[in-house]
Amino acid sequence: MNPNYDFKDQVALVTGASSGMGLATAKAFAQAGAAVVLADRNEAALLKANDALSAEGHRTIAVTLDVTDEAQAAAMVERTVATFGRLDMAYNNAGILGPMGDITDETGEGFDEVNAVNLRGVWTCMKHELLQMRKQGSGTIVNCSSLGGLVGLPGRAAYHASKHGVIGLTKSAALDYATRGIRVNAVCPGCIDTPMGDAIDPNAMKEFLKDQPIGRMGRSEEVAAAVLWLCSPGASFILGVALPVDGGFVAH
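Residues numbered from 1 in each chain as written. Predicted model: local features only at pLDDT ≥ 70, side-chain atom pairs only at ≥ 80, totals over all residues. Heavy atoms only, no water.

1. Considering the packing of helix α1 (residues 20–31) against helix α7 (residues 220–231)
Note the cut-off: Each axis is a line fitted through C-alpha atoms, taken for helices only over the stretch in contact, and angles between the N-to-C directions span 0 to 180 degrees. Put simply, DSSP H or I for four residues or longer makes a helix, DSSP E for two residues or longer makes a strand, and each gets a number counted from the N terminus. Each angle gets one of four labels, with under 35 degrees taken as roughly parallel, over 145 as roughly antiparallel, 65 to 115 as roughly perpendicular, and the rest as oblique. Crossing handedness is read from the near helix: turned anticlockwise from the far helix by less than a right angle, it gives a left-handed crossing, and turned clockwise, a right-handed one. Here, two residues are considered to be in contact whenever any of their heavy atoms come within 4.5 Å of each other. Throughout, the ten residues Ala, Val, Leu, Ile, Met, Phe, Trp, Tyr, Cys and Pro are labelled nonpolar, Asp, Glu, Lys and Arg are labelled charged, and all others, Gly among them, are labelled polar.
As a packed pair, α1 and α7 sit with axes 8 Å apart at the nearest point and diverge in direction by 50°. Compared by their axis directions, α1 and α7 come out oblique. Relative to α7, the crossing made by α1 is right-handed. Along the contact surface, α1 presents Gly 20, Met 21, Ala 24, Thr 25, Ala 28 and Phe 29, while α7 presents Ser 220, Glu 221, Val 223, Ala 224, Val 227, Leu 228 and Cys 231. Of the residues belonging to the contact of α1 with α7, the class tally is 9 nonpolar, 3 polar and 1 charged.

Here's what the structure looks like:
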């Protein structure tokens with residue numbers, strides 16, 4: 001059973017919110033009473049997700065966003081504040097897997113694309129979230145790294161490089177803002193049952209799960225639970241961590 005949080009009168013922002021972990025987290029924030037900004041570049045899926053939450057009586061807006069574009073990230077935060085008056089919590093979740101294979105088969109274009117979304121995208125969003133939170137003197141940010149930010153696995157050099165970078169960004173920002181009422185942390189999901197996971201070869205997935213001691217794939221809702229905890233007063237002394245949500249993968 002997940003804890004119950006009271007985020008009434010608070011505002012949460014989630015990128016990559018049209019599906020998977022992002023959508024599960026947006027739902028969890030909304031169910032805890034927060035007004036929620038859902039952002040994603042897949043406009044059709046985003047509007048569908050937003051309409052579903054709105055129909056349930058939650059206060060939400062949808063913002064079409066390319067996280068690699070800093071101007072769009074700035075506009076997203078500006079619209080958040082214009083609509084709801086503030087920004088209290090952000091989950092920078094948007095990411096892509098990119099091509100898989102030997103590093104010598106990767107292209108510069110593929111490497112740049114993965115890092116533009118997974119690393120620069122976190123930087124652009126976090127920068128403008130922090131600008132607003134700094135004005136308020138309060139806020140919490142959770143960045144989505146990955147198990148791939150904690151370990152190395154074959155065939156995913158660009159992806160792992162980007163996710164290691166997210167942890168570095170998180171730690172540096174956490175130290176910058178530790179005394180300013182703002183906490184920054186990261187979650188590192190393991191093998192989670194999401195649309196992104198569908199792109200991985202089933203045989204490779206089967207081998208991967210052998211190293212996930214819990215013996216099953218994670219659920220998006222389990223990652224959402226970790227994000228909400230990190231944003232809650234219950235984690236008030238936690239900052240700069242890269243929290244594995246991985247069924248025990250890095251424990252062995």
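2. Some remarks on the side chain of Asn 115
Within the fold, Asn 115 resides in helix α4 (residues 108–136). With sequence-adjacent residues up to four places away left out, Asn 115 is seen in contact with Arg 120, Ala 158, Ala 161 and Ser 162.

3. Focus on the pattern of salt bridges
Note on pairing: side chains with opposite charge can pair once their charged atoms come close. Just so we agree on the cut-off: Salt bridges are identified by distance alone: a Lys or Arg side-chain nitrogen within 4 Å of an Asp or Glu carboxyl oxygen. The buried label goes to any residue with under 20% of its type's maximum accessible area, the exposed label to any with over 50%, and the partly exposed label to all in between, with areas taken from a 1.4 Å probe on protein chains only.
Using the criterion set out here, one finds 4 salt bridges in the structure. A salt bridge links Arg 86 to Asp 88; the nearest nitrogen and oxygen atoms lie 2.8 Å apart. With a relative accessible area of 9%, Asp 88 lands in the buried category. In this structure, the salt-bridge partner of Glu 222 is Arg 216, at a minimum N-O distance of 2.7 Å. For Arg 216, a relative accessible area of 30% translates into the label partly exposed. A single salt-bridge network, built from bridges that share partners, covers Arg 216, Arg 219 and Glu 222.

4. Section: the pairing of strand β2 (residues 35–40)
Sheet faces and side chains relate simply in a regular strand, where the side chains alternate between the two faces. We apply this condition: Strands are labelled as partners when DSSP assigns at least two bridges between them. A right-handed crossover is one whose linking path, passing over the helix from the first strand to the second, runs clockwise when the strands point away from the viewer.
Summarising burial for β2: 6 of the 6 residues are buried, a large majority. Across the two faces of β2 the burial is the same, with Ala 35, Val 37 and Ala 39 and Val 36, Leu 38 and Asp 40 all buried. Note: strand β1 (residues 11–15) against β2, 5 bridges, orientation parallel. Bridge pairing links Thr 15 to Ala 39 in β2. Where the polypeptide runs from β1 across α1 and back to β2, its parallel neighbour, the crossover connection is right-handed. For β2 and strand β3 (residues 60–64), the ladder comprises 5 bridges, and the chain directions are parallel. The residue of β3 that forms the bridge with Val 36 is Thr 60. Following the backbone out of β2, through helix α2 (residues 43–55) and into the adjacent parallel β3, one traces a crossover that is right-handed.

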